[in-house]
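These are the residues of each chain, in order.
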Amino acid sequence: MAITSYPFDEQPVSEGQFSYLFRELQSTGVADQVGGSGFNTYGDSSGMQVKVAPGFALVRGHAVQSTGTETVTIAAASTSARVDRVVLRLDPAANSIVLAVVQGSPGGGVPALTQTDTGVYEFPLAQVSVAVGAATISASAVTSERRFTGNTVGGWTSTTRPQSPRIGRLGLNTSTNTWEYWTGSAWSALAPTVTWASISGRPNEFAPGHHTHDWGDVINKPTSFNPSTHTHDWAQVTGKPSTYAPSSHGHAWGEISGKPSTFAPASHSHSWASITSKPSTFPPSSHSHSGYLTSGSTIAWANGSKKPHSNSASGSGTWYAVWVEGDGTFCRNTSSIKFKENVRDFDVNAEGVLALRPVVYDRKDQIKEDGSVKEGRKDEVGLIAEEVEAAGLPWLVNYLDGEVDGLRYDLLGVALLPVVQRQAAHLADLESRLAVLESEAA
């Protein structure tokens, strides 16, 4: 068995011996506090690359220092998502520690690292998620993997705890904000908080054990007790009456003797629905209509509608378009400024007007009150109100009970004005250009 000791004066010491010595004095990690900026790796969406901040680290007893931000290239995206790892790569044979990328397999998991005892050792700094078709690396695609060196007492997160710790290794876990130590098989809280909820195997309730109380020990006991539900034999009851007045009760009809066979009806009423065998129609009784009969003994049309129906256009007097209001009242269509206020320009959707589709159609048949069919008019020409609304011209549409009902055909002329005006402007411009061309040709 050979025993070696070092370093001493005038004694050669190898690189491997120094590496072994320093790794026992300090673990592999970034010389910074947990979450510090040393060798912090991040993406900034500047391309297929990540940036690594300056820092100082120990890797298996060897030191590495970076004094400026380094740019590390990430390979182009693959056909499937992959995960790459940015590492500090120690190569004792090359006498160097350099930044490098361990590229993952498309569709695979996190790639493994090379970590030998005396050869190449890769210390992880960050994982980089490379999405399919990615052209840049964003900040959210980079996850830190740094571990940090510590003194006698260290600091770490739940994912960056020391590797291969020895029993009793102590440090502050900033993920849980608790001091913890290595038991040899697990990290255990140095001073765990014990609550009732954290106790395992506790009973939900406690059944009292068998015991007794002296009557004098019982507090708030009653001075007397009401009897509980019980029964007595009739013979045991004293002071009972010999006869009994009947209490409220009822008898079935069949049990009553001497009852009458018929009953005179008392004042009462019946609802219409409860009457059976009632007639479905009733012939009208003698009556009259005043103010509604014409000389021909027929009922006049309501609201004067008979007059415009039978009146042909004639004469040279003033003519009005007639509107029918929602309640059925007739009114004339006026347009003088004396009837108007709050007058302002109105922008018409000219493209919507040009998109309108003239159609020819048949009216649907209707069922009259007497059950006969009123045949709809055929081959009418017009527009479809829903199409006018969809063209961005709802002000041409009439609505009834919140639904599309009719069209304001009298406003189509107003809708056509901006179309005609735009075409007139185009014609004037074309004529002006034509005049210039003719002048130049002459």
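Treat the numbers as computed from the prediction; the structure is a model and nothing was measured.

Trainee: Help me understand the overall build of the chain in this model?
Mentor: The helix and strand tally for the chain stands at 5 helices and 22 strands. With the C-alpha coordinates of the chain rotated into their principal frame, the extents come out at 145 × 145 × 45 Å. Counted over contacts in the chain with a minimum sequence separation of 6, partners at least 24 positions apart contribute 45%. Summing over all exposed atoms, the chain offers an accessible surface of approximately 33,300 Å²; the carbon and sulfur share of this is 54%. Taking the average place of the 32 positive charges on the side chains of the chain and the average place of its 42 negative ones, the gap between the two points comes to 6 Å.

Trainee: So what exactly am I meant to see when it comes to the environment of Val-83 here?
Mentor: The residue Val-83 is located in strand S7 (residues 82-91) in this model. Along the primary structure Val-83 and Pro-111 are separated by 28 residues, whereas in three dimensions their C-alpha atoms are 7.2 Å apart. Contact partners of Val-83, with chain neighbours within four places excluded, come to Gln-103, Gly-104, Gly-109, Val-110, Pro-111, Gln-127 and Val-128.

Trainee: I keep staring at the sheet that holds strand S6 (residues 70-73) and nothing clicks. Help me out?
Mentor: Strand pairing in a sheet takes place through backbone hydrogen bonds and is either antiparallel or parallel in direction. What the 3 strands build is an open sheet, ordered S2-S3-S6; its pairing is antiparallel. Edge positions in the open sheet fall to strand S2 (41-42) and S6, since each of these has one partner strand only.

Trainee: What's the story with the side chain of Arg-146 in this structure? I'm lost.
Mentor: Tracing the sequence through the fold places Arg-146 in the loop between strand S10 (142-144) and strand S11 (153-156). For Arg-146, which is buried and forms no salt bridge, the nearest opposite charge comes from Asp-32, at a distance of 5.2 Å. Side-chain polar atoms of Arg-146 contact the backbone oxygen of Gly-36, separated by 2.5 Å. A distance of 2.7 Å separates the side chain of Arg-146 from the backbone oxygen of Gly-38, its partner in a polar contact. The contact partners of Arg-146, leaving out residues within four places of it in the chain, are Val-30, Gly-35, Gly-36, Ser-37, Gly-38, Phe-39, Asn-40, Pro-124, Leu-125 and Thr-160.

Trainee: Just checking my understanding: could you explain the nonpolar core for this structure?
Mentor: With 24 residues, the main nonpolar core has Phe-39, Val-50, Ile-74, Leu-88, Leu-125, Val-128 and Ile-137 as its most contacted residues. If you list the elements that add at least two residues to this core, you get strand S3 (49-52), strand S4 (55-59), S7 and strand S9 (121-130). Ranked by residue count, the leading element in this core is S9, at 6 residues. Once residues within four sequence positions are removed from consideration, Ile-74 is found in contact with Met-48, Gln-49, Val-50, Arg-82, Asp-84, Val-101, Val-128, Val-130 and Ile-137. Grouped together as the second largest cluster of nonpolar side chains are 15 residues, Val-353, Ala-391, Leu-396 and Leu-407 included.

Trainee: Is there a simple way to explain the pattern of salt bridges in this structure?
Mentor: Where charged atoms of side chains with opposite charge meet at close range, the side chains can pair. Here the structure, examined in full by the defined rule, presents 12 salt bridges. We note a salt bridge from Glu-122 to Arg-89, for which the minimum N-O separation is 2.9 Å. Taken together, the residues Glu-122 in strand S9 and Arg-89 in strand S7 connect sequence positions 33 residues apart. On the basis of relative accessibility, which here comes to 27%, the residue Arg-89 falls in the partly exposed class. Here Glu-180 ties to Arg-161 by a salt bridge, and the two come within 2.8 Å at their closest N and O atoms. Highlighted residues: Glu-180 in strand S13 (residues 178-182) and Arg-161 in the loop between S11 and strand S12 (170-173), separated in sequence by 19 residues. The class for Arg-161 is partly exposed, based on a relative accessible area of 23%. Ionic contacts of the salt-bridge type, sharing partners, join the residues Arg-363, Arg-377 and Glu-380 into one network.

Trainee: Mind showing me how you'd approach the side chain of Arg-85 here?
Mentor: With respect to the element layout, Arg-85 can be found in strand S7. Taking the relative accessible area as the measure of exposure, Arg-85 reaches 11% and is therefore buried. A distance of 2.7 Å separates polar atoms of two side chains, one belonging to Arg-85 and the other to Glu-145. Once you skip the residues sitting within four places of it in the chain, Arg-85 turns out to touch Ala-100, Val-101, Val-102, Val-110, Pro-111, Ala-112, Leu-113, Pro-124, Ala-126, Gln-127 and Glu-145.

Trainee: Sorry if this is basic, but what is going on with the pairing of S4 here?
Mentor: A regular strand places its side chains on the two faces of the sheet in alternate fashion. Burial along S4 is one-sided: the face carrying Gly-55, Ala-57 and Val-59 is buried and the face carrying Phe-56 and Leu-58 is not. Sheet analysis places strand S1 (residues 29-30) next to S4, joined by 2 bridges and oriented antiparallel. Pairing of Val-30 across the sheet is with Ala-57, part of S4. Two elements, S4 and strand S5 (residues 62-66), share 5 bridges in a ladder whose sense is antiparallel.

Thresholds applied
- Residues numbered from 1 in each chain as written.
- Predicted model: local features only at pLDDT ≥ 70, side-chain atom pairs only at ≥ 80, totals over all residues.
- Heavy atoms only, no water.
- Helix = DSSP H or I, 4+ residues; strand = E, 2+ residues; numbered from the N terminus.
- Contact = heavy atoms within 4.5 Å.
- Areas by Shrake-Rupley, 256 points an atom, 1.4 Å probe, with all protein chains shown as cover.
- Lys, Arg positive; Asp, Glu negative; His and termini not counted.
- Charge placed at Lys NZ, Arg CZ, Asp CG, Glu CD.
- Pairing = 2+ DSSP bridges.
- Buried < 20%, exposed > 50% of the residue type's maximum accessible area, 1.4 Å probe, protein only.
- Salt bridge = Lys/Arg side-chain N within 4 Å of Asp/Glu carboxyl O.
- Polar contact = N/O pair within 3.5 Å; in protein donor to acceptor, adjacent residues only side chain to side chain.
- Core = buried A, V, L, I, M, F, W, Y, C linked by side-chain atoms within 4.5 Å.

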